[in-house]
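Results of the structural survey
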Amino acid sequence: MLILQIRKEIVYNVLSFRFAATYVLLFLLVLVSMFLMGNEHRTRMEHYTRTEAAQRNRLEELSKMPDASQQYREVNQEAFLGVRQPEGMSVLARGLESSLPTQVSSRQHWALVSSDDRLARNVMLDIFQTPDLAYVVNVVLSLLALLFVFDSVCGEKERGTLKVLLSNSVPRDSVLLGKWVGGYLSIATPFAVAVLGGFLYLSLSGAIQFDSEGVGRFAAITAVSFLHIAAFFSLGLFISTATHRASTALLMSLMVWICWILVVPNVAPVVARLAAPVASRQVIDAELRAIDREADLLHQAIRKRKVYGDEKESERIDKEAEHSKKKLEQFYEDRLTRQVTLGKNLARLSPSASYLFAVTRIAGTGSTQFDNFRAAVYRFQEEHSEYQRSFWDSNLVEWGSGGPTVKRDDWFDAADVPQFAMYQENFNEAVAAALFDILLLAVITVLFFMLSFAFFLRYDIT
Amino acid sequence: MLLIHVVRKELLDQLRSLRFAITCGVCLVVLMLSSIVLTRDYREAQSTYNMNRVIHRNDLEQRTDVRSLWEGVTVDRPLNPLNTMVRGLSDGLTESVKIQPGNRLDFPERWEQNPILALFPSVDYVFIVGIIMSLLALALSYDSVSAEAESGVLRLLMSYSVPRDTVLLGKWIGGYISLMAPFTVAFVLSVLVSLLYSEVELRGNVALGLLSLYGLAMLYLAAIFSLGLFISSCTRLASTSITVLLLVWVVFILAIPNTAPYFVGQLLPLPSRESIDREKQAMERDALTKFQQMIKDEQERTSREDVWADEAFRVEIEARQQNLQEEMEKVDGSFGAQVRSQTRWSGIVARISPLTSFKLAAFDLASAGLAQEERYVASLKAYSESWQAYTEEKQKIWEDFMDSRRDDNGRVLISSEDMEQFRRDNRLGFSDAPGYDFAYMSFADRLSEVSLDLLLLVIWNILFFLLAYLSFLRYELTG
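What counts as what
Residues numbered from 1 in each chain as written. Chains lettered and ligands numbered in written order. Predicted model: local features only at pLDDT ≥ 70, side-chain atom pairs only at ≥ 80, totals over all residues. Helix = DSSP H or I, 4+ residues; strand = E, 2+ residues; numbered from the N terminus. Rg over C-alpha atoms; globule rule 2.2 N^0.38 Å. Contact = placed C-beta atoms within 7 Å. Nonpolar A, V, L, I, M, F, W, Y, C, P; charged D, E, K, R; others polar. Buried ≥ 20, exposed ≤ 12 C-beta atoms within 10 Å, placed from the backbone. pLDDT = per-residue confidence, 0-100. Axes fitted to C-alpha atoms, helices over the stretch in contact; angles between N-to-C directions. Parallel < 35°, antiparallel > 145°, perpendicular 65-115°, else oblique. Core = buried A, V, L, I, M, F, W, Y, C linked by C-beta atoms within 7 Å.

Right, let's talk about the overall build of chain B for a bit. If you tally the helices and strands in chain B, you get 15 helices and three strands. Its C-alpha atoms give chain B a radius of gyration of 32 Å, more than 25% over the compact-globule value 23 Å for 479 residues. In terms of overall dimensions, chain B has C-alpha extents of about 110 × 55 × 40 Å along its principal axes. Sequence separation of at least 24 residues holds for 85% of the intrachain contacts in chain B that already meet a minimum separation of 6.

Quick look at the interface of chain A and chain B now. Often the size quoted for an interface is simply the accessible area lost on bringing the parts together. Taken together, the 76 residues of chain A in the interface contact 74 residues of chain B. Among the elements that line the side of chain A that touches chain B, the one with the most residues is helix H11 (residues 246-275) of chain A, at 17 residues. Its residues assigned to classes, the side of chain A that touches chain B comprises 47 nonpolar, 18 polar and 11 charged.

All names here are of chain B. Positionally, leucine 221 belongs in helix H8 (residues 204-232). We classify leucine 221 as buried; it has 23 C-beta atoms within 10 Å. In the structure, leucine 221 is positioned 182 residues away from threonine 39 in sequence and 25 Å away in space, judged by C-alpha atoms.

All right, on to the confidence of the model for chain B then. Residue and element names in this part refer to chain B. Looking at chain B, pLDDT values average 86 and 96% of them are 70 or higher. Here helix H14 (residues 416-424) stands out as the least confident element of chain B, with mean pLDDT 71; helix H12 (residues 354-365) is the most confident, with 93. Here the prediction assigns the complex a pTM of 0.89, and the interface score ipTM is 0.88.

Another point: the packing of H11 of chain A against helix H4 (residues 125-141) of chain B. Look at H11 of chain A against H4 of chain B: their axes get within 11 Å of each other, and the N-to-C directions meet at 175°. As far as their axial angle goes, H4 of chain B and H11 of chain A are roughly antiparallel. Residue-level inspection shows Leu251, Leu254, Ile258 and Leu262 of chain A of H11 of chain A in contact with H4 of chain B, the latter providing Ile131, Ile132, Leu135 and Ala139 of chain B. Looking at the contact of H11 of chain A with H4 of chain B residue by residue, the class counts come to eight nonpolar, no polar and no charged.

Ala145, Ile258 and Val359 of chain A together with Ile132, Tyr220, Leu221 and Ala362 of chain B are the most contacted members of the largest nonpolar core, which has 194 residues in total. Looking at which element gives the most residues to this core, the answer is H11 of chain A, with 17 residues. Look past the residues within four positions of isoleucine 258 of chain A in its chain and what remains in contact with it is Val263 of chain A together with Val26, Ile132 and Leu135 of chain B. Counting residues in hydrophobic clusters, the runner-up holds 10 residues, among them Val73, Val75, Ile99 and Trp387 of chain B.

Laid out in structure tokens, this is it:
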């Protein structure tokens, strides 16, 4: 009985005009998105390999210098580059990938944007949103899912077919389940085909080098996308069972869609910023400077009292200043983390945000990428200052009137230069971390199906 | 007279429908919410801005050493009150830029903030009108012809002596009024809210900006509404027309503008910023080795250490340095030209969608667009130059003072009383440093910037309405 129901639903959908139109649109959008994002990723990878190669060449050049003293001077002045490899899965979910720098310097505390960079980019990319798969699924497919299902119950009632159907000995639950499965299959199948086509394109054109982990991530992102579509499909079915006219159902669906997709997740971060304010970075920097200045004044006071200073006292002052600076930084970080968490939780009022968080987490382009990147930059710069300091400490260099003289000729080894390395979650960890959001999506899917079941049982078919 | 009747009928039809109620609700809630949130955000930004200015001013006034002027100064971009409506291109409402002599500008790092903000677009006026209101405009217009044809009302109506053009015009006016009425109310309320909650004064530029933003929304929504009417008079069934319209909406509003820049990026690829920097570095390194070689050759030829005494040689080296500078500027210039051409073509392709015209025009009208950004950077560069002049002037005062205290052996002897006197004369105080002054574009400038987009929107309006008219003239009444 159920199978018959499903079959009827699929046949009805497939024969409809909207199926044809949706199918074409879906296929085009998914493929165009993967084509454009894939090619963009390839260009980024090319830039990355070129920068990386240039950096390696430079190291080689440095290690081949004949004059050790000259070599030391160059190494001492060199700003080494840390090059960040673009995340492969950003093709599917761009996330924060493009808002993080691709290279950092070992010298400046924070990599700075120079004036040319400010306008040396295509600003149209910033004005519009990135058309990655996550966007297509989140915005377009959720709308199409609602478009497919809004009249599945109330439309049949209007046409009168529901009355005829239920006059046979079909239980209402199997009718509803049949509608859900049939309708879902008729939107999920074209999507699956389109994604498969995109996958083939990406792997055959070499835009992404897929390893087993990459395939796993791709599959997981696709699976979460199916779940997201299912959530919106259930929502549409619920609206359809809660209304008695197709036009009403359509309007309600559109309204809920606007609120859930366009309003709630996008307003949430700003609301969080107001609810859990964080002082601007400049204020924190100014306070850090004030601590330094205070320590300076204390030092001066000591020098006034004692000509040769008081080593113990100075050390204590330095330590205290260091301590309060660390505390301030910690305070700033804590407040920022609180704000981020609040923003995330507020956004989760909409399944769209859960979907985006889950997908970017699996793709490795979510807010953890930001944290990892920040940690990596910090580590990279620390290691470099440590590296420079090691030459001082090892008494390698003698400073004369003609500049530095290096005692050993073979002091420099390119392999010793600290490299930029970013921690990346492996597939299992990423999925485990995204599980909460995936679960939320599943709960919403089931909840709305249950609601529609409750409403359909009491549905007035005449 | 007949027209008024048709308009009245259409208006009454709309007003009693559920979708009108939904439109009212969504308009009010979304616009007010966004206005409250963004205005409060703006207020926070005001205090941040004031604090930053004090910090940066103090930082300057506490300096006593001339050399510290070469380290530059940090300035803040003034707030733009229209940012409460249009967030525009810049990431934050406030921005502190470090200016150094010699045209060096250090912008703050963009990624060092709350990362969640980058994941979601902000819900401002442009987003609300461009996406949400355009969808509502379609929801109000999708069945204006096809549903009446389905229910047979249209047949009845046409059996009277009403010309078709009057019917269509009446439908357009009635439907458009029922779309714009709730929008206007919500808009006025949201402006009132932002005036109440912030210290923004409704004066000259701001008032004109708000008014022009409202007018722009009217134009854009009229185009979308006409599109709905056109599709409605092409189709026989309301369900078909909504399907087609939603798909058209997805393509025009969501797909085309977002994919256009990437598409153009494929066709007109850009070299990476890093490769340009590498190229420049290589040029510099080559030139340096060449200079060293030249100096060595010259030293060997003349067998003198001090080759700079030779006027001809020095001129030649300087000419070569000049040449190198020009070459490097050329590399930068060609990169800039490539970026501009990619941006320009992205804009052209994206303008297939009326949303692009609306968005870019709104950005410019709120002085938050590309033209404004270019002026901003130019003004920072000009400030950097005046800062350099100021630094050099101060340096000169200091050097003159040193020279005046130089004894016969060329040693500088400054007694502490001298120094005190010098300080007291305030010749090394930096309170007379040039201030950074930046004015947003005047309204006339902004208007001339957007004239092309306005024209495009008018063309879309006329085109869609004409198409609707043509297909309605040939509309088959009997099914």
